[in-house]
Amino acid sequence: MNFETNNALPLYDEYMTMARQDPDLLRDFEAIVEYMKHSTAIHHGEYVRTCFAPKLLTESQFARIGADMQVLYGIFAKMSDAYFGDESYRALFGFDARTEALILHANRVPSALPMARIDFFYHEDTGEYRFCEFNTDGTSAMNEDRELHNAQRLSGVYRAFTAAHKTRQCELFDSWVDTFLNVWHKAGGQGLPNVAIVDYMECGTVQEFEIFRQYFERRGVPAEVCDVRALRYENGVLYGAQGRRVDAIYRRAVTSDVLAHYDESAAMLDAARDGAVLLVGDFHTQLVHNKQIFRVMHLPETFALLTPAEQQYIRDHVPYTVAYTSDLAGQVAAEKDAWILKPYDSYGSRGVHAGVEFSAADWRSVVEKTPAQGYLLQRFHMPYVTENYGLAGQEFGRNRYYNLTGIYTYDGVAQGVYSRVSLTPIISSQYSEKTIPTLIVDD
């Protein structure tokens, strides 16, 4: 099963032709950059880097992507049921006792996966794709797409293109409030809850939290942004930093950070265990977020749960993944460009190493230093390359960029797109990553 071949390619050629012929190209790009420097899309003091042209997808492509996400979610649901119901299947994930306890105490009934961003490498010529990462805990960057569209309106090419075609940008804020409230009501909640958006503030995208808080408040939902460690649990009631009762939590704190601050997070954890607060993004989402799921998806025990079509879906779209052991070091070192090493549970590409990024000697050194436990070995798939105008170092021009596409799914429904590009095959903020807005074009 593949997405449709990209019928947006002629539209993108049209956009790039308009850009090439625009005498104000550089001036408009500089205006876009200047806007982003002063926008709310700031992460740890850094503004979001971007390119001149947006990503273009057609409505039919987006609909097909949404349909394929439903197939993936069906597989997730069967794996989750097996995890909760079968101790031997549970053991395949290899979670430590504390993580397993958090998962098993989770309330997964209101939503199997309230929020996720499914990242994949999409070959726009053929429609083929391979998954890169499943993000649940801490799914972010919705505000980047919003602000990037605001910046793009400073471009004459963007204005002319959107005037000539029926387009829309992805809406990721009011739709999340709708989803959040639906989960609240499915959990038995009455009226409107008092909401806390929580993370460890030194880790989170705090300005984005504030945007979400504003959208909740506009809908009449009391909301605050709160560090997990500032929550208080007294006499069966959870309180936020402002002293207000908290009924429901929008959890942005990733599970690995919760475990790292476990004792300091007792108020949230105890209230959730007691049913005194609803975690929207309870800890069962860790089953999908943890990279071990790529390995488990390929195991015979998982295939036994699935239909033949679902089994083929995994073969087609989930990169071959195994636990890395020292026995594999020789093969991995010799087949440098074929492999990528990933820690079991990380985010932001921390600890991720791909052979294509290294010389043969340096790759051998990386492999030798990789621990024999705690890492996955995954088949590397080269990202699709497109052209765009942007900076390479300090030089502005037309460059070749590797692409990564993310699909925001709210309670299983494809809601939006997160598009990133990089001058190198590893698309990460640690390297030359840039974010571009996504326009959905009517076809």
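Reading the values: rules and limits
Residues numbered from 1 in each chain as written. Predicted model: local features only at pLDDT ≥ 70, side-chain atom pairs only at ≥ 80, totals over all residues. Heavy atoms only, no water. Axes fitted to C-alpha atoms, helices over the stretch in contact; angles between N-to-C directions. Helix = DSSP H or I, 4+ residues; strand = E, 2+ residues; numbered from the N terminus. Parallel < 35°, antiparallel > 145°, perpendicular 65-115°, else oblique. Left-handed = near helix turned anticlockwise from the far one by under 90°. Contact = heavy atoms within 4.5 Å. Nonpolar A, V, L, I, M, F, W, Y, C, P; charged D, E, K, R; others polar. Polar contact = N/O pair within 3.5 Å; in protein donor to acceptor, adjacent residues only side chain to side chain. Salt bridge = Lys/Arg side-chain N within 4 Å of Asp/Glu carboxyl O. Buried < 20%, exposed > 50% of the residue type's maximum accessible area, 1.4 Å probe, protein only. Pairing = 2+ DSSP bridges. Core = buried A, V, L, I, M, F, W, Y, C linked by side-chain atoms within 4.5 Å. Disulfide = S-S within 2.5 Å.

> Where do I start with the packing of helix α8 (residues 174-186) against helix α9 (residues 206-218) in this structure?
Axis angle and axis distance: for two packed helices, these are the angle between their axes and the distance between the axes, and together they describe the pair. Between α8 and α9, whose axes approach to 9 Å, the crossing angle comes to 65°. Considering the angle they form, α8 stands roughly perpendicular to α9. When you trace α8 past α9, the crossing you get is right-handed. On α9, the residues that touch D174, W176, V177 and F180 of α8 are F212, Y215 and F216. Counted by class, the contact of α8 with α9 contains six nonpolar, no polar and one charged residues.

> Before we go on, may I ask you to explain the side chain of S265 in this structure?
Here S265 lies in the loop between α10 (255-260) and α11 (266-273). A distance of 2.7 Å separates a polar side-chain atom of S265 from the backbone oxygen of H261. Not counting the four nearest positions on each side in its chain, S265 is found in contact with Y200, V228 and V258.

> Explain the pattern of salt bridges here, please?
Opposite charge on two side chains allows them to pair when their charged atoms are near. What the rule picks out here adds up to 27 salt bridges. As a salt-bridge pair, R232 and E234 come within 2.8 Å of each other at their nearest N and O atoms. Judged by its relative accessible area of 37%, E234 is partly exposed. Through salt bridges with shared partners, one network takes in R117, D119, R420 and E433.

> Is there a simple way to think about the environment of A414 in this case?
In this fold, A414 is placed in strand β19 (residues 413-422). Along the chain, A414 and A116 lie 298 residues apart, while their C-alpha atoms are 9.5 Å from each other. Beyond its immediate sequence surroundings of up to four residues, A414 is in contact with F62, G66, I407, Y408 and T409.

> What's the story with the sheet that holds strand β14 (residues 339-343) in this structure? I'm lost.
Strands pair in a sheet through their backbones, by hydrogen bonds, and they do so in one of two ways: parallel or antiparallel. Spatially, β13-β16-β14-β15 is the arrangement adopted by the four strands of the open sheet, whose pairing is antiparallel. Taken across any chain shown, the strands that pair with only one partner, and hence form the sheet edges, are β13 (321-323) and β15 (353-354). Examined bridge by bridge, β14 and β15 share two bridges and lie antiparallel to one another. Among the inter-strand pairings, L341 is bridged to a residue of β15, identified as H353.

> What is the right way to read the nonpolar core from this model?
Grouped together as the largest cluster of nonpolar side chains are 69 residues, with contacts concentrated most on F76, F131, F134, F216 and M297. The element contributing the most residues to this core is helix α3 (residues 59-85), with ten residues. Residues in contact with F134, not counting those within four places in the same chain, are L72, F76, R117, I118, V288, H289, I293, F294 and M297. Core analysis: the next-biggest nonpolar cluster, separate from the first, contains 24 residues, I32, A41, L148 and Y158 among them.

> I'm lost on the sheet that holds strand β11 (residues 248-251) in this one. Help?
The strand order across the open sheet built from four strands is β8-β7-β11-β12, with neighbouring strands paired in parallel fashion. Here the strands that pair on one side only, and so sit at the sheet edges, are β8 (223-227) and β12 (278-280). Taken pair by pair, the neighbouring strands of this sheet meet at an average axis angle of 30°, ignoring direction.

> What exactly am I supposed to notice about the pairing of strand β18 (residues 395-410) here?
The side chains of a regular strand alternate, first on one face of the sheet and then on the other. Across the 16 residues that make up β18, a large majority, twelve, are buried. Two elements, strand β4 (residues 115-122) and β18, share six bridges in a ladder whose sense is antiparallel. Bridging from a neighbouring strand, M115 pairs with Y410 of β18. Bridge analysis of strand β17 (residues 385-392) against β18 gives eight bridges, and the strand direction is antiparallel. Each bridged residue has a counterpart across the sheet, and for N388 the counterpart in β18 is N399. Linking β17 back to β18 in an antiparallel pair, the connection comprises two residues, with G393 at a positive phi of about 70°. Sheet topology places β18 next to β19; nine bridges connect them, and they run antiparallel. In the sheet register, Y408 faces β19, and the bridge partner there is G416. In this antiparallel pair of consecutive strands, β18 and β19, the connection spans two residues, and D411 shows a positive phi of 50°.

> Could you clarify how one ought to interpret α11 in this entry?
Residues spaced three or four apart along an α-helix face the same direction, because each turn holds 3.6 residues. Taken residue by residue, α11 has A267, M268, L269, A271 and A272 as its buried positions. The positive-phi residue at the C-terminal boundary of α11 is G275, with phi of around 75°.

> For this particular structure, what's the right way to read helix α6 (residues 142-152)?
Within α6, nine of the eleven residues are buried, leaving the element largely enclosed by the surrounding structure. Those residues of α6 that fall on the buried side of the exposure criterion are M142, N143, E144, D145, E147, L148, H149, A151 and Q152.

> I'm lost on the side chain of N290 in this one. Help?
Along the polypeptide, N290 turns up in the loop between α12 (286-289) and α13 (292-297). Setting aside anything within four residues of it in sequence, one finds N290 in contact with F95, Y344 and D345.

> Explanation requested: the state of the cysteines in the structure shown.
By definition, a disulfide links the sulfur atoms of two cysteine residues through a covalent bond. Going through the model one piece at a time under the given rule, you end up with zero disulfides. Note on C170: no disulfide assigned, nearest cysteine sulfur contributed by C51 at a separation of 18 Å. Residue C170 is classed as buried on the basis of its relative accessible area, which comes to 5%. Cysteine C226 remains unbridged, with the sulfur of C203 as its closest cysteine sulfur at 15 Å.

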